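# Examining the three-dimensional arrangement
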Amino acid sequence: MATIEVFAIPTNKPRRLQHMMSLGRGVLQLGLRGRRLGRAVKPEDGSEWEARLKKGRMYLEWLDTIDMTPEIKEKTSMETMLKFAFDDPTMYYPEDISKTAQALYEKWQSENWGANAVVEEDVVSADQEFADPASELAPTTDEAPIVQSELPPPDHPIFGEHGIMHGIIIFRSPAGRKSYRLNPHVLKRSAKVFGHNGIPVGTWFANQLVALHRGAHGMRIGGIAGTTDAGAYSIVVADVYEDLDDDRGETLYYSGSNSHNNDDPTTPAPSSMGTRALKASLRTGNPVRVLRSGGPHSRNHWLPECGLRYDGLYRVTALRERKNTKGGLYEQFVLQREPGQTPLEELLRISPTAQQKRDLNDIQQGY
């Protein structure tokens with residue numbers, strides 16, 4: 001079976017940042033070595049430099065899976081490292097490394113380095129599904145270890161090219177813990193787009209990581225994806241907040257973040273980045289993709305039996321205040337479904353299909 005090499009990046013934020021700083025220094029060392037040689041480092045320069053080239057390429061490839069934040073930029077000197085790799089004529093790098101660094105720099109520069117983006121707390125990489133105990137059990141090192149992970153066969157019924165988990169690989173940490181990650185060899189569609197983003201209404205996803213890979217929703221766990229200036233690209237409606245949200249199908253009453261925790265009857269909780277993104281949607285009028293996430297015991301009629309279903313575009317039309325079970329004030333957004341889309345009752349009948357439900361039950365068998 002074919003394999004792929006991936007970093008076992010720790011999930012603990014300080015450790016992750018430490019590993020990123022170390023790997024970034026490794027990229028800089030390639031350029032400094034090239035400066036001394038007067039040319040880019042080659043594998044023929046010795047096993048040490050061959051290994052450094054490999055790690056540098058893997059690190060830049062992994063960086064393309066993360067959501068940049070001002071904290072990461074500052075603490076890892078990310079901007080400086082990338083500019084050295086493509087914009088310093090005295091630093092010699094292989095052409096592919098320079099081009100990758102420039103592409104990352106231009107992408108994050110256009111996004112203002114994530115300054116206005118909704119981000120998941122304590123999550124650096126969008127491709128990690130479960131906590132990786134390597135950060136607690138493995139010896140402390142400056143750089144994340146490289147682990148071999150098996151790739152699914154292209155014709156696998158679940159993880160293959162036409163399966164419900166296409167684009168996802170099973171990863172086992174050095175401590176043996178299983179998780180799901182994005183396959184860096186399968187192109188991931190960006191979710192930072194308003195509108196349908198090429199996704200048919202009624203499309204079903206096995207889990208939120210798959211929805212992330214397909215460009216439906218840009219968060220691995222969080223329910224709101226977007227920016228505080230242009231608005232939310234997408235939201236996920238689940239039964240977690242049934243006491244706060246009111247899902248009426250065509251009209252959706254959706255609570256802002258931290259609504260459960262506030263006990264102040266006169267003032268709503270401070271707006272999180274997600275709440276601010278929805279306020280921006282109200283201000284700009286940009287459409288919001290709505291995904292519904294279901295389960296077998298949900299009391300919400302509109303949720304799918306399992307997995308997530310894309311139910312089309314809604315617009316935020318109003319903002320009102322309500323009180324939670326603690327008597328605390330919280331903000332609730334009113335979203336109205338855009339006309340002319342496949343009726344929700346039809347989506348309930350056809351998505352997910354019987355085969356998709358069978359495949360979901362078999363995911364744990366792996367490949």
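Summary of the structure given here. Just so you know, these numbers come straight off a predicted model, no measurement behind them. (Residues numbered from 1 in each chain as written. Predicted model: local features only at pLDDT ≥ 70, side-chain atom pairs only at ≥ 80, totals over all residues. Heavy atoms only, no water.)

## Some points on the overall build of the protein chain
- The helix and strand inventory of the protein chain stands at 10 helices and 12 strands.
- By the compact-globule yardstick of 21 Å for 367 residues, the protein chain fits well, its C-alpha radius of gyration being 22 Å.
- Overall, the C-alpha framework of the protein chain stretches about 65 × 45 × 40 Å when taken along its three principal axes.
- Intrachain contacts of the protein chain at a sequence separation of at least 6 include 69% that bridge at least 24 residues.
- Between the mean site of the 44 positive side-chain charges and the mean site of the 48 negative ones, the protein chain shows a separation of 2 Å. (Helix = DSSP H or I, 4+ residues; strand = E, 2+ residues; numbered from the N terminus. Rg over C-alpha atoms; globule rule 2.2 N^0.38 Å. Contact = heavy atoms within 4.5 Å. Lys, Arg positive; Asp, Glu negative; His and termini not counted. Charge placed at Lys NZ, Arg CZ, Asp CG, Glu CD.)

## Some thoughts on empty space enclosed by the protein
- Tallied over the entire structure, the rule returns 2 cavities of 30 Å³ or more.
- Of the voids in this model, the second largest cavity is the one considered here, and its volume is about 50 Å³.
- For the lining of the second largest cavity, a count of residues per class yields 4 nonpolar, 5 polar and 1 charged. (1 Å grid on protein atoms, 1.4 Å probe; cavity = no way out; pocket = protein on both sides within 12 Å on 5 of 7 lines; lining within 4 Å. Points joined across faces, edges and corners; volume = space filled by probe spheres on them. Nonpolar A, V, L, I, M, F, W, Y, C, P; charged D, E, K, R; others polar.)

## Some points on the pairing of strand β7 (residues 231-237)
- Burial runs high along β7: 7 of the 7 residues are buried.
- In the sheet, strand β6 (residues 224-227) pairs with β7 via 4 bridges, with the strands oriented antiparallel. Bridge pairing in β7 links Thr227 to Gly231.
- Count of turn residues in the β6/β7 antiparallel hairpin: 3 residues.
- Sheet topology places β7 next to strand β10 (residues 288-293); 4 bridges connect them, and they run parallel. Of the residues in β10, the one forming a bridge with Ile235 is Val290. (Buried < 20%, exposed > 50% of the residue type's maximum accessible area, 1.4 Å probe, protein only. Pairing = 2+ DSSP bridges.)

## A look at the packing of aromatic side chains
- Across all of its chains, the model carries 7 aromatic pairs by this definition.
- Ring pairs connect the aromatic residues Phe86, Tyr105, Trp108 and Trp113, which therefore count as one cluster.
- Here the basic side chain of Arg52 rests over the ring of Trp49, its NZ or CZ set 5.2 Å away from the ring centre.
- Sitting over the ring of Phe171, Arg181 keeps its end group 3.9 Å from the ring centre. (Phe/Tyr/Trp six-rings, centres within 6.5 Å; stacked < 30°, edge-to-face > 60°. Lys NZ or Arg CZ within 6 Å of the ring centre and 35° of its normal.)

## Describing unusual backbone geometry
- Residue Ser351 is joined to Pro352 through a cis peptide bond whose omega torsion reads 5 degrees.
- When you line up the elements, Pro352 lands in the loop between α9 (344-350) and α10 (354-361).
- Of note in the backbone geometry, Ser77 takes a positive phi value of approximately 50 degrees without being a glycine.
- Along the chain, Ser77 falls in the loop between α3 (70-75) and α4 (78-87).
- The phi dihedral of Asn112 falls on the positive side, at around 55 degrees, and the residue is not glycine.
- As for its placement among the helices and strands, Asn112 is situated in the loop between α5 (95-110) and α6 (134-137).

## Some points on the side chain of His156
- By secondary structure assignment, the location of His156 is in the loop between β2 (146-150) and β3 (168-172).
- Setting aside chain neighbours within four positions, we find His156 in contact with Gly366 and Tyr367.

## As for the pairing of β10
- Most of β10 is tucked away: 6 of the 6 residues are buried.
- The side-chain alternation of β10 yields two buried faces, one formed by Val288, Val290 and Arg292 and the other by Arg289, Leu291 and Ser293.
- Examined bridge by bridge, β10 and strand β11 (residues 308-323) share 5 bridges and lie antiparallel to one another. When the sheet's bridge partners are listed, Val288 is paired in β11 with Tyr314.

## Overview of the side chain of Ser281
- Mapped onto the elements, Ser281 comes out in helix α8 (residues 273-284).
- Of the polar contacts made by the side chain of Ser281, one reaches the backbone nitrogen of Ala232; its length is 2.8 Å.
- In contact with Ser281, other than residues within four places in its own chain, are Gly231, Ala232, Asn286, Val288 and Val316. (Polar contact = N/O pair within 3.5 Å; in protein donor to acceptor, adjacent residues only side chain to side chain.)

Honestly, it's all geometry; don't read function into it.
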